[in-house]
Amino acid sequence: MSRDNIIAAEEDFLEDPDLRHREKWPNIPEILSRKARKVCRVQTITNRLPVLQWIPQYKRQYFFPDIVAGITVALTAIPQGIAYAVVAGLEPQHGLYSELVPSFVYFVLGSCKDITIGPTAIMALLVQSHALKSPDLAFLAAFLTGLIILAMAILNLGFLVQFISIPVTVGFCTAAALTIASAQIKSLLGLPGRGNEFIESWTSVVENIQEIKLWDTVLGVSSIILLVSLKKMQDIPKGKVFFKYLSISRNAIAVILGTVLAFLLQEYTGEVPFALTGSVAAGFPPFAPPPFSTTIGNSTLNFQEMIAELGTSIISIPVISVLEIVAVAKAFSLGKTVDATQEMIALGFSNILASFVASIPLSGSFTRSALNNACGVCTTGGGILTGILVLLAIGFLTTTFYYIPKASLAAVIMVAMYFMVDFEAIKEIWRTKRVDIIPFAITLIACLALGVDLGIVVGIGSNLIFIIYDTARPRIQFKWLKVDNDEILVVTPNQSLIFSSAEHFKNRLMKKVIAQSNPNLLVVIDGHFVQKIDTTAASNIYSAVRSLRDLCRGMIFWNWSGQAQGAAWRLNSQFGTLFRDATSLEELLRAVK
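Numbering of residues begins from 1 in every chain and follows the order in which that chain's sequence is written. Thresholds applied to this predicted model are a pLDDT of at least 70 for local features of residues and 80 or more for the giving and counting of side-chain atom pairs; totals over whole chains, interfaces and linings are not thresholded and use all residues. Side-chain metrics rest on all non-hydrogen atoms present in the structure, leaving aside hydrogens and water.

Engineer: Could you clarify how one ought to interpret a nonpolar patch on the surface in this entry?
Structural biologist: Within this analysis, patches are made of residues with over 30% relative accessible area and no salt bridge. Like charges are joined at 9 Å or less; nonpolar side chains (Val, Leu, Ile, Met, Phe, Trp, Tyr) at 5 Å or less. Computed with the Shrake-Rupley method and a 1.4 Å probe, the accessible areas treat only the protein chains shown as cover for residues. Salt bridge, as used here: a side-chain nitrogen of Lys or Arg that lies within 4 Å of a carboxyl oxygen of Asp or Glu. A grouping of V435, I438, I442, L450, L454 and V458 is seen on the molecular surface, where their side chains present a nonpolar patch of about 440 Å² in accessible area. Where helices and strands are cited, they refer to DSSP runs of H or I of at least four residues and of E of at least two residues respectively, numbered from the N terminus. Broken down by secondary-structure element, the contributors of at least two residues to the nonpolar patch are α25 (437-450) and α26 (452-472). With three residues, α25 is the largest single contributor of residues to the nonpolar patch. Position of V435 relative to the elements: it lies in the loop between α24 (423-432) and α25.

Have a look at this one:
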């Protein structure tokens, strides 16, 4: 296998490379035509209207769990909505308005039975600074958030879900559960103070611990004991069906018992010894487009000025809203594929339509989704009852919800959050690949310290660092062979080579060959695992070929993909001639003799 033989073989291989290795550009008209035909198919309409898939298969046994879930979620959503409106700096009724539309929209467009869309603490905090200046900014933010999320869905940006790994999801869920449960400690103990974040909540508890209320604490702890006991009842073998439904109804039972107790105490003693949700203004909001102009102080802002006032929130609110609902969807998917695009469609329409009834921006609610799951909800139909109860609350039932004890609601949420911490998933991460505990821990700590909105971004970022490192440091196998008294070095990278790994591969290759410095050495670079290379990788590899030309007999690239070969030919035709296909190493060596 002399150098002259290799060069001669290279010249024979040079037959019109321009035609064979010309880069093919996508046929844009054909792609658009194919997409248009796909959109017009009945299957596409069915996929984008999930309600058409599950309603024909609805079973009678789904009805009771859906009813229980709808009632329980409504009993939590109503006071939560009021609280989040206050956090956002708006009148309490706007919290109920924010709950009004999404239940009905998600019934039609939702793909995950457990998810409920509505106002969340994160969305309330993100919009707070704008709402304090003018409520109109909050309503416009909801409208713009919906438009941007819908645009992301149309552009098929649902692949973003792939960047949320299981360790990050588990870390987010654990931190969210701890944050939500911590925020309920104040209500459970009857303490004053505000704060929805983990550190703020515990700081407030410590600062006001001397003001703990006995009867709120008694009611809250009793409710927790009741909820845990009712959950355990589903394991009783005798009367299994009865105890199953009793267990499923545990959240509604705890809230109803607390409400009845508060009402009776008010009727017979004239005083309630624990904090109540309180009254909410009755009446339905007008259905009208969000305001495109507003007044702040003595200045009137037009639409462009309102956009400028919202600033970067126009991007951050929709992105965080999508991250929230995707993370929640993955948490309840039980390993099934999450259709992130469909979730974005549902979230986008929910925000757009909700902005017509003076709503703040919406996202997937972790608390209410957890309650939905805990109640054993079977379909998104449970949201219909939630929406109806919110309608009734706004129109007729404000006096009834006045008597819901805050301690009872706190107990329901805290128990649900405890069971949302997936201890088994944490064990699986540690057992499967211990290094994955790092992004889990980073996500958990970041969510607790910085808030779940920034925390999940930090968690995703930490996971991307691992991906980037693996991409930049491919494993390279060096294998020495003797064939007919000739020395062969077979170099096998285990993945595609792109700009981040190009310099690393070149340096490793050159060090090996220079260390050997054998003029009879033939270097065979096995590209079985290399699906593609980019310009940087091609340039670096070709640079190594030229640098090592006088130190070894030659360099052959064996069984590289068509894309890689094409890139090499387009970079330099002499480089392209070094790429060969053969079924075995022996066949390759015979071809270059």
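Next comes the rest of the write-up.
Engineer: Would you mind going over the packing of helix α14 (residues 214-232) against helix α16 (residues 250-269) with me for this structure?
Structural biologist: To describe two helices that pack against each other, one gives the angle between their axes and the distance between the axes. Angles here are taken between N-to-C directions and fall from 0 to 180 degrees, while the axes themselves are lines fitted to C-alpha atoms, restricted in helices to the stretch in contact. At a minimum axis separation of 9 Å, α14 and α16 run at an interaxial angle of 150°. Taken as axis vectors, α14 and α16 run roughly antiparallel relative to one another. Where α14 crosses over α16, the two elements pack in a sense that is right-handed. On α16, the residues that touch L219, L226, L227, L230 and K231 of α14 are R250, N251, I253, A254, L257 and L261. Should an angle lie under 35 degrees it is considered roughly parallel, over 145 roughly antiparallel, and from 65 to 115 roughly perpendicular; all remaining angles are considered oblique. Throughout, a crossing is termed right-handed when the near helix is turned clockwise from the far one, and left-handed when it is turned anticlockwise from it by less than a right angle. By the convention used here, residues are in contact when the closest approach between their heavy atoms is within 4.5 Å.

Engineer: Just to check I follow, could you spell out the packing of aromatic side chains for this structure?
Structural biologist: Each pair of aromatic rings is reported with the distance of its centres and the angle of its planes. Aromatic rings from Phe, Tyr and Trp, with only the six-membered ring used for Trp, were paired whenever their centres fell within 6.5 Å, and each pair was classed as stacked if the ring planes differed by under 30 degrees, edge-to-face if by over 60, and tilted otherwise. Scanning the entire structure with this criterion turns up 15 aromatic pairs. A centroid spacing of 6.1 Å and a plane angle of 55° characterise the contact between Y418 and F423, whose relative ring orientation is tilted. Relative accessibility decides the category of a residue: with a 1.4 Å probe and only protein chains considered, values under 20% of the type maximum give buried, values over 50% give exposed, and everything between is partly exposed. With relative accessibility at 51%, the residue Y418 sits in the exposed group. On the accessibility criterion, F423 (45% relative accessible area) is partly exposed.

Engineer: Would you take a moment to explain empty space enclosed by the protein for this structure?
Structural biologist: Here the idea is plain: a probe the size of a water molecule rolls over the atoms and shows the empty space left. Only protein atoms enter the 1 Å grid, on which a cavity is a set of points fitting a 1.4 Å probe that cannot get out and a pocket is an open set with protein on both sides within 12 Å along at least 5 of 7 lines, lining residues being those with an atom within 4 Å of a point. Grid points are joined across faces, edges and corners, and a volume is the space filled by probe spheres set on the points. Enumeration according to the criterion identifies three cavities of 30 Å³ or more in this entry. Here the largest cavity defines a volume of roughly 100 Å³. S103, Y106, I115, T116 and G383 are, among the 13 residues lining the largest cavity, the residues nearest its centre. Going through the elements one at a time, α8 (102-109) and α21 (382-395) are the ones with two or more residues in the lining of the largest cavity. For the lining of the largest cavity, the element with the most residues is α8, which contributes three residues. Three residue categories are used. Nonpolar comprises Ala, Val, Leu, Ile, Met, Phe, Trp, Tyr, Cys and Pro, charged comprises Asp, Glu, Lys and Arg, and polar comprises the others, including Gly. Taken together, the residues that form the lining of the largest cavity break down as five nonpolar, seven polar and one charged. By volume, the second largest cavity amounts to about 40 Å³. Looking at the second largest cavity, the residues that line it are A141, L144, T145, L310, S313, I314 and I317.

Engineer: Would you take a moment to explain the environment of V108 for this structure?
Structural biologist: Within the secondary structure, V108 is located in helix α8. The exposure class of V108 is partly exposed, given its relative accessible area of 30%. Taking the C-alpha atoms as reference points, V108 and A346, separated by 238 residues in sequence, lie 8.3 Å from one another. If near-sequence neighbours (up to four positions away) are discounted, V108 is found in contact with L49, P50 and V51.

Engineer: Teacher, can you tell me more about the pattern of salt bridges here?
Structural biologist: Two side chains of opposite charge can pair, provided their charged atoms sit close to one another. Under the definition given, this model contains four salt bridges. K133 serves as the salt-bridge partner of E309, at 2.6 Å between the closest nitrogen and oxygen. Placement of E309 in helix α17 (residues 303-310) and of K133 in the loop between α9 (121-131) and α10 (135-154) is noted, with a sequence separation of 176 residues between them. On the accessibility criterion, E309 (26% relative accessible area) is partly exposed. E424 is the partner of R431 in a salt bridge, and the nearest nitrogen-oxygen pair spans 3.8 Å. On the basis of relative accessible area, R431 is assigned to the exposed category, the value being 57%. By relative accessible area, E424 is classed as partly exposed at 41%.

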